[in-house]
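Given next are the chains, with one letter for each unit.
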Amino acid sequence: MSIFDHIRPYHDSEVNKALQQASRHPMFKVLLQFTFPNASMSEIQEILSQCHSIHDFQTKVIYKSVQNLLAKSSEGFSTAGFDTLLPNKPYFYISNHRDIVLDTSLINVGLIDNGLITTASAIGDNLVQKEFLMALSKLNRNFLVLRNQSPRELLKSSKLLSEYMQFLLSEGRSVWMAQREGRTKDGNDLTQQGVLKMVTMARGKTPLLQYIKELDIVPIAISYEYDPTDILKVPEIVAKQENVPYIKTNNEDFNSILKGALGFKKRIHIEAAPLDASIYDQIEKEAQSDNEKLKRLASEIDKSIHRHYKLWPSNYIAYDLYHNTTEYASYYDEKELRHFERRLERRVNKENQLEIDSFLLMYANPVINTSKL
């Protein structure tokens with residue numbers, strides 16, 4: 001028994017049996033019928049019978065699921081930067097995080113399209129409490145980040161998680177983690193220093209920056225023109241602004257998964273941007289303590305994500321509306337402005353200025369961050 005068994009995805013040898021069991025679940029059947037709308041269940045079962053690895057499942061099923069999803073809920077998906085990466089080489093991808101499931105699915109589409117190694121991806125165990133979601137996540141090479149633990153348990157599980165990611169990379173498997181715990185709700189994408197500290201817990205006596213450099217970190221910027229879960233994020237943002245506890249409703253995460261997948265996103269862009277090796281030398285020269293080095297590294301990852309974030313008309317419109325200006329009016333037209341204003345009117349309480357501001361900043365913050373570069 002491996003020490004990673006309670007957090008790891010399925011081994012390839014387990015995939016076919018797990019698929020046969022999962023395919024009996026009503027929600028899994030819905031996914032399969034969405035993926036193969038013109039196929040009978042017997043034809044779908046034949047496709048599943050040919051899946052004997054996670055790679056098989058990702059390329060024969062999930063890849064097609066995402067393509068169908070994009071066709072129905074977006075006006076285009078583009079990528080950049082992946083062509084600068086080397087095939088057959090594992091990387092440690094760190095990205096901003098807006099959608100629970102779709103972010104990593106789209107990254108893997110970009111990797112598959114460019115002949116690169118797909119990722120093993122971190123996911124909070126609180127998001128896969130339903131049997132269907134747990135099976136799907138393990139079939140899609142997700143590994144679990146354990147939540148709601150005591151400080152002592154958290155330290156122990158964080159070290160194990162770090163060791164597992166080190167193991168994956170040593171086995172030639174790329175890894176993905178979000179730059180922070182949970183999704184960015186306010187559009188202000190910032191890397192948590194604690195995430196980087198956790199990643200390095202398995203380094204032993206290896207110097208901090210040497211270990212990090214060997215991870216081959218590649219920041220990725222994920223940009224949705226419209227976030228279908230924007231209104232679902234507003235209550236938590238408002239609660240934070242009002243300094244009151246926010247308590248999730250039953251099935252809130254599951255509803256966010258469905259809304260994020262099926263809701264209209266307009267255009268989507270993902271861009272990979274490997275860190276220049278000279279950054280590590282610069283940090284080594286200028287930072288003394290490990291904490292300062294991690295802080296500087298987090299800042300460099302943020303700069304990369306902000307620099308390569310695709311800004312859409314929705315971002316510029318939100319900035320102008322929030323600041324009551326026309327500074328970026330040349331980046332959108334009247335039709336786009338009216339569409340965004342209608343979206344705002346339908347989704348927030350126009351009598352609640354805090355809700356309005358929170359909604360606008362969700363889209364405006366990427367412009368603000370980019371302007372600081």
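On a predicted model such as this, the values are computed, not experimentally measured, just so you know.

The next thing to look at is the overall build of the protein. Summing up its helical and strand segments, the protein has 16 helices and 7 strands in all. The C-alpha radius of gyration computed for the protein amounts to 21 Å, which stays within 12% of the reference 21 Å derived for 373 residues, consistent with globular compactness. Principal-axis analysis of the C-alpha atoms gives the protein an extent of 60 × 60 × 40 Å. Within the protein, the proportion of its 373 residues that are buried is 52%.

Attention shifts here to the sheet that holds strand β4 (residues 142-145). Across the sheet, which stays open at both edges, the 7 strands sit in the order β1-β7-β6-β2-β5-β3-β4 with mixed pairing between neighbours. Here the strands that pair on one side only, and so sit at the sheet edges, are β1 (74-80) and β4. On average, each strand axis in the sheet is inclined to that of its neighbour by 25°, with strand direction left out of account. Two strands pair when backbone bridges link them, and strand β6 (residues 217-224) and strand β7 (residues 266-272) are joined in this way by 5 bridges, in the antiparallel orientation. Within the sheet, the bridge partner assigned to Ser 223 lies in β7 and is His 269.

What the rule picks out here adds up to 19 salt bridges. A salt bridge links Arg 296 to Glu 286; the nearest nitrogen and oxygen atoms lie 2.7 Å apart. In this pair, Arg 296 is assigned in helix α13 (residues 290-308) and Glu 286 in helix α12 (residues 278-286), connecting sequence segments 10 residues apart. A relative accessible area of 45% places Glu 286 in the partly exposed class. Arg 338 serves as the salt-bridge partner of Glu 334, at 2.4 Å between the closest nitrogen and oxygen. Residue Glu 334 and its partner Arg 338 are located together in helix α15 (residues 334-347), separated by 4 residues, close to a single helical turn. Exposure remark for Glu 334: the relative accessible area of 46% places this residue in the partly exposed category. With relative accessibility at 37%, the residue Arg 338 sits in the partly exposed group. Connected through salt bridges with shared partners, the residues Asp 5, Arg 8 and Glu 14 form a single ionic network.

Its volume calculated, the second largest pocket comes out at about 440 Å³. Contributing to the lining of the second largest pocket are 22 residues, with Lys 185, Asp 186, Ile 237, Lys 240 and Gln 241 lying nearest its centre. Secondary structure elements with two or more residues in the lining of the second largest pocket: α10 (230-241) and α16 (353-371). If you tally residues by element for the lining of the second largest pocket, the top one is α16, at 5 residues. When grouped by side-chain class, the residues that make up the lining of the second largest pocket number 7 nonpolar, 7 polar and 8 charged.

If you trace the backbone, Leu 136 turns up in helix α6 (residues 131-139). With 10 residues separating them along the chain, Leu 136 and Leu 146 place their C-alpha atoms 17 Å apart. Among all residues touching Leu 136, those that are not within four sequence positions of it are Phe 28, Leu 31, Phe 57 and Ile 62.

When you tally the buried positions in β6, you get 8 out of 8 residues, the bulk of the element. Both faces of β6 are covered, namely the face carrying Ile 217, Pro 219, Ala 221 and Ser 223 and the face carrying Val 218, Ile 220, Ile 222 and Tyr 224. For strand β2 (residues 92-95) and β6, the ladder comprises 4 bridges, and the chain directions are parallel. Bridged to Ser 95 within β6 is Ile 220.

Rules used in this analysis
- Within any chain, residue numbers begin from 1 and follow the written order of that chain's sequence.
- It should be noted that, the model being predicted, local features are given only for residues of pLDDT at least 70 and side-chain atom pairs only at 80 or more, the latter also being counted only at that level, while totals for whole chains, interfaces and linings use all residues.
- The side-chain numbers reported here are obtained from all heavy atoms of the structure, hydrogens and water having been left aside.
- In DSSP terms, a helix is any run of H or I states spanning at least four residues, a strand is any run of E spanning at least two, and both are numbered starting from the N terminus.
- For a compact globule the rule gives 2.2 Å times the number of residues to the power 0.38, and the radius of gyration it is set against comes from C-alpha atoms.
- Exposed residues in this analysis have more than 50% of their type's maximum accessible area, buried residues have under 20%, and partly exposed residues fall in between, with area computed by a 1.4 Å probe over protein chains only.
- Any two strands with at least two DSSP bridges between them are considered paired.
- Axes here refer to lines fitted to C-alpha atoms; in helices the fit is confined to the stretch in contact. Angles between the N-to-C directions go from 0 to 180 degrees.
- Salt-bridge detection follows one rule: a side-chain nitrogen of Lys or Arg within 4 Å of a carboxyl oxygen of Asp or Glu.
- The definitions used throughout rest on a 1 Å grid laid over the protein atoms alone, on which a cavity is an enclosed set of points accommodating a 1.4 Å probe that cannot get out and a pocket is an open set flanked by protein within 12 Å on both sides along at least five of seven lines; lining residues are those having an atom within 4 Å of a point.
- Grid points are joined across faces, edges and corners, and a volume is the space filled by probe spheres set on the points.
- Following the grouping adopted for this structure description, the nonpolar residues are Ala, Val, Leu, Ile, Met, Phe, Trp, Tyr, Cys and Pro, the charged ones are Asp, Glu, Lys and Arg, and the polar ones are all others, Gly among them.
- The contact criterion used throughout is that any non-hydrogen atoms of two residues lie within 4.5 Å.

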